[in-house]
Amino acid sequence: METTPPEQQEGGIKEFRRRPDLFRGLCWVASVAAVAILAWIIVEITHQAWPAIKEFGFSFVATSRWLPNRETFGVLPFIVGTAVSSLIALLFALPLGLAVAIFLSEDFLPPAVRQVVRFTVEMLAAIPSVVYGLWGIYVVIPLMLKFGPWAVQTFHNTWTTPGMNGAPEVQKGIPILETLFAPPSYGNSMLTASLVLALMILPTITAISRAALVAVPGTLREGAYALGSTRWEAIFGVILPAAAPGVVAATILALGRAMGETMAIAMLIGNSSHLTSSLLAPAGTLASLLANQFGEAEGLQVSSLMFAALLLVILTLFVNIAGEVVLRYTQRQTAGIR
Amino acid sequence: MTFTMEQPQTTSESEKSGPTQQTSPRADFLKVTNFNFYYGKKQALFDVNIEIPARQVTAFIGPSGCGKSTLLRNFNRMNELINGVRHEGDILLNGRSIYDKKIEVIALRRSIGMVFQKSNPFPKSIYENIVYSLRISGVRNKATLDETVERSLRGAALWEEAKDRLHESALGLSGGQMQRLCIARAIANQPEILLMDEPCSALDPIATAKVEDLIHELKRQFTIIIVTHNMQQATRCSDQTAFFYLGKLIEFDATQQIFSNPGEKQTEDYITGRFG
């Protein structure tokens with residue numbers, strides 16, 4: 001049987017080999033499609049949100065009353081909730097994740113043990129969000145039910161001053177902390193959700209920071225030790241600054257993930273539209289609001305939820321752009337390390 | 001007055017030797033006795049004995065893998081950063097073992113400067129690179145830091161080029177400038193010894209010439225040990241030359257002597273380019 005020489009075969013992948021213009025065209029289509037889909041999503045959300053945008057305008061962002069039965073919608077509590085929960089999560093996850101990354105990138109452990117720890121931490125990223133939510137319900141909430149009253153007692157009702165002229169006695173607390181840990185305390189709260197969120201973004205921070213630390217050239221390490229640095233001084237004075245762009249990238253990615261995280265938050269945060277300064281009280285985020293209410297919404301509530309979705313997209317885009325700027329800046333500071 | 005900080009062994013020594021320290025090079029300044037060194041099971045140095053005089057330039061030459069860098073990196077115990085190394089024998093600095101339990105390796109390294117094959121400026125400003133060793137020793141005084149920066153940069157013949165950009169990133173310097181910055185950083189803490197591990201191997205001829213001129217200047221203040229693959233460089237800038245081969249010290253003599261009339265056949269074969 002006669003076989004056709006490859007150069008005479010028509011169509012299929014072989015065609016690309018002889019037609020670079022076709023291949024280039026395909027690449028064009030793919031990259032244009034990626035951009036177009038993002039634009040399409042935003043256009044579609046905006047279109048759906050349009051009735052609410054027309055109805056409420058800027059007051060949607062600035063007011064804090066979310067009352068579906070009165071058709072009054074303001075998402076300020078959810079914007080604040082998104083920002084606060086992400087920042088608290090970052091507050092816990094960044095030092096912890098960075099510490100793990102440093103521990104795994106230096107020779108504190110034998111290489112085999114290091115690999116096991118690294119794999120385990122990165123496995124945290126593979127656990128589905130809903131499982132984190134369940135774990136939060138069965139583990140973190142019971143802990144918070146113990147911690148909450150203790151925190152209120154310690155920070156809010158720190159001491160008692162007797163009331164004047166037979167008036168009831170007055171409870172005083174520690175400034176700032178007394179507003180963060182105000183009663184009543186609940187199991188489903190901002191703090192519960194933020195703690196679980198911290199755990200969820202931990203692997204992102206650890207994995208990317210570790211990669212950045214490992215990539216720091218050995219010559220810098222040697223240089224630091226040769227000048228008589230202790231290990232601590234070498235890490236914090238030389239190695240960590242050299243890895244700064246990677247750590248920044250890790251932080252931005254983690255923040256982006258924290259802001260968009262939905263399922264576990266919806267299960268743990270308590271979904272309240274009430275704006276409060278207490279971390280022990282239920283709250284809500286834009287993502288948890290959408291997850292909770294979209295199924296049963298109708299009319300103006302649907303457009304309002306779409307408006308909230310649009311805001312979430314804009315917020316995440318903003319974080320990513322801001323992050324990119326910071327990343328470029330730190331990269332310029334460390335450019336040229338060989 | 002030098003501002004040596006945490007260098008117990010140097011302070012005590014200068015008290016003992018007093019004014020005589022400045023006068024003549026002492027032969028037993030850095031003394032290696034019956035030194036063996038192993039990377040795991042592989043022996044890298046065999047029974048090395050050498051006495052390196054103060055305030056002179058000593059060159060270590062020999063083919064790759066001959067142990068010259070290994071010995072150099074033992075003087076400030078940098079080899080201990082590698083897992084599974086061990087040594088036998090001793091190295092004495094000013095008559096005291098550098099392995100003495102009372103000498104902290106941190107203090108030892110602060111009294112010995114080191115310049116590497118590849119320049120390794122930290123991702124900081126030129127200024128911060130130089131004051132790094134002072135900062136980790138706890139020096140806070142701005143005047144002291146400023147003065148150190150100028151003295152070190154002048155010492156490394158970089159002051160004129162760098163004085164207007166002290167607070168710019170060190171990573172913006174040229175390759176030759178970076179290496180001189182690393183020399184400035186190494187001498188900022190006024191070490192006794194300057195170890196140079198092929199400091200010019202990544203530099204062009206002009207930058208190399210500058211560093212060699214610098215070595216001539218620096219030997220007035222420091223004891224310099226330089227590892228080099230470049231035989232011309234050894235003849236140009238060293239007073240003594242040690243030839244190593246397969247982990248053994250073959251010959252150690254005045255540079256003039258080694259290159260004009262070597263005592264050993266192996267040395268002659270190497271310097272005339274018959275192997276290596």
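Residues numbered from 1 in each chain as written. Chains lettered and ligands numbered in written order. Predicted model: local features only at pLDDT ≥ 70, side-chain atom pairs only at ≥ 80, totals over all residues. Heavy atoms only, no water.

On to the side chain of Ser85 of chain A. By the secondary structure assignment, Ser85 of chain A is in helix α4 (residues 76-105). Every residue in contact with Ser85 of chain A, bar those within four places of it in the chain, is listed here: Met190, Ser194, Leu197 and Thr285 of chain A. (Helix = DSSP H or I, 4+ residues; strand = E, 2+ residues; numbered from the N terminus. Contact = heavy atoms within 4.5 Å.)

All names here are of chain B. Read across the open sheet, the six strands follow the order β6-β7-β8-β3-β9-β10; overall the sheet is mixed. Strands with a single pairing partner mark the edges of an open sheet, and in this sheet they are β6 (112-115) and β10 (248-254). Across the sheet, the mean angle separating the axes of adjacent strands is 15° when strand polarity is ignored. In the sheet, strand β3 (residues 57-61) pairs with strand β8 (residues 223-227) via four bridges, with the strands oriented parallel. Bridge pairing in β8 places Phe60 opposite Val227. The strands touched by helix α2 (residues 68-75) are β3, β6, β7 (193-197), β8 and β9 (240-245); relative to β7, the strand with the most contacts, the crossing angle is about 150°. On top of the sheet, helix α8 (residues 205-218) reaches β3, β7 and β8; it is set at about 150° to β8, its chief contact. (Pairing = 2+ DSSP bridges. Axes fitted to C-alpha atoms, helices over the stretch in contact; angles between N-to-C directions.)

Attention now moves to the pattern of salt bridges. Residue and element names in this part refer to chain B. Evaluated as defined, the whole model comprises 22 salt bridges over all chains. One salt bridge connects Glu51 with Lys31, and the closest N-O pair in it is separated by 3.9 Å. Placement of the pair is Glu51 in strand β2 (residues 42-52) and Lys31 in strand β1 (residues 30-39), with a sequence separation of 20 residues. Two residues, Arg135 and Glu128, come together in a salt bridge whose shortest N-O distance is 2.7 Å. Classification of Arg135 as partly exposed rests on a relative accessible area of 32%. Given the relative accessible area of 24%, Glu128 is considered partly exposed. (Salt bridge = Lys/Arg side-chain N within 4 Å of Asp/Glu carboxyl O. Buried < 20%, exposed > 50% of the residue type's maximum accessible area, 1.4 Å probe, protein only.)

It is worth spelling out the pairing of β1 of chain B at this point. Residue and element names in this part refer to chain B. Bridge analysis of β1 against β2 gives seven bridges, and the strand direction is antiparallel. In the strand pairing of β2, Leu30 is matched with Ile52. The turn joining β1 and β2, which pair antiparallel and follow one another in sequence, is formed by two residues; a positive phi near 60° is taken by Gly40. Here β1 pairs with strand β4 (residues 85-93) via eight bridges, running antiparallel. If you follow Tyr39 over to β4, its bridge partner there is Val85.

Everything listed here is a matter of geometry and, on its own, says nothing about what the molecule does.
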